[in-house]
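Each chain, letter by letter, is given below.
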Amino acid sequence: MKQKKRNRSNLLPIIECVLLCGRQELALRGHKDSRPICFKSESEDIQYQHVNEGNFRAILKYKAKDMVDFKEFLESDSRYKYTSSKIQNEIISTCGDLILEKIVKEINAAECFSILADETTDVSLKEQLSLCVRYVANTGKEVCLRETFLKFVEIHSLTGKDIASSIINGLNSCGVDCNNIYGQGYDGASNMSGHIKGTQTVVRENFPKALYVHCAAHSLNLAVSTSCDIQAIRNCLGTVEKMYCFFKTPKRNNVLLNEIDESDLDLKSKSLKRLCATRWVERYTAINDFAELFSCVIGALEKISEWKDSTATDANILLKSVDSEFLVSLQVVKTLFAYGLPLCKILQKIDIDLKEAVDLAEISVDTIKCLRENIDENFKQMFKESEKMAEIVGITISIKRLSQRSKHRANPSMENLTPETYYRVTVAIPYIDSFIQQLEARFLCHKNVFKGFQSLFSGTYSENFDELVEFYLDIDKQTVQAELHLWHTKLNKLVKYPKNCLEALRQCDKEIFPNIYFLLKILCTLPVSTSTPERTFSCLKRLKSYLRNSMTETRLNGLTMLAVHKEVPLTAEEVLNELGKKSRKLDFVI
């Protein structure tokens, strides 16, 4: 018994070291870590003076300084030190399995969940499918929404059928009950969303209640991208992107930085940002920062245009591109992006549900429509800002040359046409109309999905509710309708109706309203965005880096579980007890 306790006390620090490296996303291995651990100083250990042993061994040596028994164990002649790379992998895998077991237990207890999935290519050119689930945890007043990462699944084919098989097999390997799938959340790629051979269709063939919801954040991004296809707006954004690329070299960037430092303005931004195609929030930041640094950018371009090389030609071309249409378009885009920014941020939250997402989208559309109705007054402010920027360049806002038979741009024929009227008609109004149209079209599918659930919040009965009951519940309609009327009576007695599904779920008693409670839980579970799988891509980049590109899938998943799920408690004692279930060279099972 004494020997078992001694073995456990020696192995616990090793497991704690692995847990520390995993939680902090630190690489365990070094340049050479196969030799016995030596506690000599670098000056004494000449053979390995310039060898990096890695974080794992370095932390073990540091920890052993204050633990005499542990130091003797590491310095002993025993072959079984439990510090080899094989044992490291086993400890990491065990940690990941224990965390996954706790999460899966909670998912199966929820009785319904949605799949969230997205794929990316890692540093070793392997296609990694990030598999996450969305479910309702806890009960009563403590009920909350969770979006949880399960594992990375390596895929070799991007067809809808193969991805669907990878998702289902991945869930089964984790121990998740797939009969509780009530929703699917993917991006809008045809192989994922296709209604004939897409992933969502293949999954629904096996699990008919798994309703597909297009990622709302992607829908907003598509609405912004499509509305920007108007020629003046497209040219403006293209010029801003060219400016960013132009100043990306150190020599030119130094000129811009000097202009910023010498500026008398109180500038919050110190660099230009890229109009990123995937990081949607960055679009507003890029336009806003460019407008703020406009005077510095023009000053830097003027200095570079005096150089005696080909760079001066590029600078002159960019200066010439800053014309009246560009300046007006920049202010219009800046205004519209500001209206879409709050919606974009909120749609990426975990605790938002489909009802709240639809309501926020409608509020955004109504606000932009109000801007459109008062376009005469609102555009005056945009035009004034454009005139201020035109003074910096040394130009005046003027109308483009009008032609009798122009087909490629707006060419209004109006008497006494002023520049303000011209750009309001040709740039601002078409762009705002297109933006409104795209938002309404992109979020129409989300409104259709929510239509059946509307009766749970409005206090009135809808015919769509019968379809909802028939689709989700195997029970008599009259029973559910009676329960719905009782629920409406309770809602009418409240001071105000619940603003989202979580608030309604907290008000709903599961014993009194079992069917209403289950429908509310399904609505909470239906996905809004795929931001959680995309966040795991950042973790993947940090874990599987250039120096760690030969990592196996098992080790990768174990380290990702440790890094992502820091909130899940895990002790070294639990890991050691799990390791002791197999036969070992050292006996440490008490």
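Remember, predicted model here, so these are calculated numbers, not experimental data.

Draft legend 1. Seen up close, the sheet that holds strand S4 (residues 181–186). Ordered by their spatial adjacency, five strands build an open sheet running S3-S2-S1-S4-S5, and the pairing between neighbours is mixed. Both outer strands of the open sheet, strand S3 (144–155) and strand S5 (211–214), are each paired with one neighbouring strand and no more. Ignoring strand direction, the axes of neighbouring strands in this sheet form an average angle of 25 degrees. Across 11 bridges, the pairing between strand S2 (residues 127–137) and S3 is antiparallel.

Draft legend 2. The pairing of S2, seen in detail. The buried fraction of S2 is high, at 10 of 11 residues. In terms of strand pairing, strand S1 (residues 113–121) meets S2 through nine bridges, oriented antiparallel. Bridge assignment links Glu-119 to a residue of S2, and that residue is Leu-129. Between S1 and S2, which pair antiparallel and follow one another directly, the connecting turn spans five residues, one of which, Leu-125, has a positive phi of 60 degrees. The hairpin turn running from S2 into S3, its antiparallel successor, is six residues long, and Asn-138 in that turn takes a positive phi close to 70 degrees.

Draft legend 3. Region of the structure containing the packing of aromatic side chains. What the rule picks out here adds up to 15 aromatic pairs. Look at Phe-379 and Phe-383: their rings are 6.1 Å apart centre to centre, the planes differ by 40 degrees, and that puts the pair in the tilted class. Note that Phe-379 and Phe-383 are positioned in helix H16 (residues 375–393) at a spacing of four residues, about one turn of the helix. Using a relative accessible area of 0% as the deciding quantity, one classes Phe-379 as buried. Seen from their ring centres, Phe-471 and Tyr-472 are 4.8 Å apart, and the 75 degrees between their planes marks the pair as edge-to-face.

Draft legend 4. Structural view of helix H1 (residues 2–23). Between the first and last C-alpha of H1 there are 32 Å, a value that for 22 residues agrees with the 32 Å anticipated at 1.5 Å per step. Looking one or two places after H1, you find Glu-25, whose phi comes out positive at around 60 degrees.

Draft legend 5. Local environment of empty space enclosed by the protein. Inspection of every chain in the model, using the stated rule, returns two cavities of 30 Å³ or more. Reported here for the second largest cavity is a volume of approximately 50 Å³. As for the second largest cavity, its lining consists of Leu-11, Ile-14, Ile-15, Tyr-82, Ile-87, Ile-91, Leu-576, Leu-579 and Phe-588. Of all elements in the fold, only H1, helix H4 (85–110) and helix H26 (572–579) reach the threshold of two or more residues within the lining of the second largest cavity. The element best represented in the lining of the second largest cavity is H1, accounting for three residues. For the lining of the second largest cavity, the residue count by class is nine nonpolar, no polar and no charged.

Draft legend 6. Quick peek at the environment of Asp-466. Examined against the element boundaries, Asp-466 turns out to sit in helix H20 (residues 464–472). Residues Asp-466 and Gly-452 lie 14 residues apart in sequence; the distance between their C-alpha atoms is 8.1 Å. Leaving out residues up to four positions away in the same chain, Asp-466 has contacts with Tyr-461, Lys-477 and Gln-481.

Draft legend 7. Quick look at the side chain of Lys-355. Tracing the backbone through its elements, the reader meets Lys-355 in helix H15 (residues 354–373). Classification of Lys-355 by relative accessible area gives buried; the value is 9%. Of note is the side chain of Lys-355, whose polar atom sits 2.9 Å from the side chain of Asp-359. Ignoring any residue separated from it by four or fewer positions in sequence, one finds Lys-355 in contact with Phe-450, Phe-457, Pro-498, Lys-499 and Asn-500.

Draft legend 8. Molecular detail of the pattern of salt bridges. If you walk through the whole model with that rule in mind, you get 20 salt bridges. A salt bridge links Glu-574 to Lys-102, with the shortest nitrogen-to-oxygen separation between them at 3.2 Å. With a gap of 472 residues between them, Glu-574 in helix H26 and Lys-102 in helix H4 connect regions that are remote in the sequence. Judged by its relative accessible area of 31%, Lys-102 is partly exposed.

Draft legend 9. Inspection of the side chain of Asn-500 at higher detail. Within the element layout of this structure, Asn-500 appears in the loop between helix H21 (477–493) and helix H22 (501–507). Residue class for Asn-500 comes out buried when judged on its relative accessible area of 9%. At 3.3 Å, the side chain of Asn-500 and the backbone nitrogen of Leu-502 are in polar contact. Those residues in contact with Asn-500, other than ones at most four positions away along the chain, are Asp-353, Lys-355, Glu-356 and Phe-457.

Here is what the cut-offs are and how they apply
- Residues numbered from 1 in each chain as written.
- Predicted model: local features only at pLDDT ≥ 70, side-chain atom pairs only at ≥ 80, totals over all residues.
- Heavy atoms only, no water.
- Pairing = 2+ DSSP bridges.
- Helix = DSSP H or I, 4+ residues; strand = E, 2+ residues; numbered from the N terminus.
- Axes fitted to C-alpha atoms, helices over the stretch in contact; angles between N-to-C directions.
- Buried < 20%, exposed > 50% of the residue type's maximum accessible area, 1.4 Å probe, protein only.
- Phe/Tyr/Trp six-rings, centres within 6.5 Å; stacked < 30°, edge-to-face > 60°.
- Expected span 1.5 Å × (residues − 1).
- 1 Å grid on protein atoms, 1.4 Å probe; cavity = no way out; pocket = protein on both sides within 12 Å on 5 of 7 lines; lining within 4 Å.
- Points joined across faces, edges and corners; volume = space filled by probe spheres on them.
- Nonpolar A, V, L, I, M, F, W, Y, C, P; charged D, E, K, R; others polar.
- Contact = heavy atoms within 4.5 Å.
- Polar contact = N/O pair within 3.5 Å; in protein donor to acceptor, adjacent residues only side chain to side chain.
- Salt bridge = Lys/Arg side-chain N within 4 Å of Asp/Glu carboxyl O.

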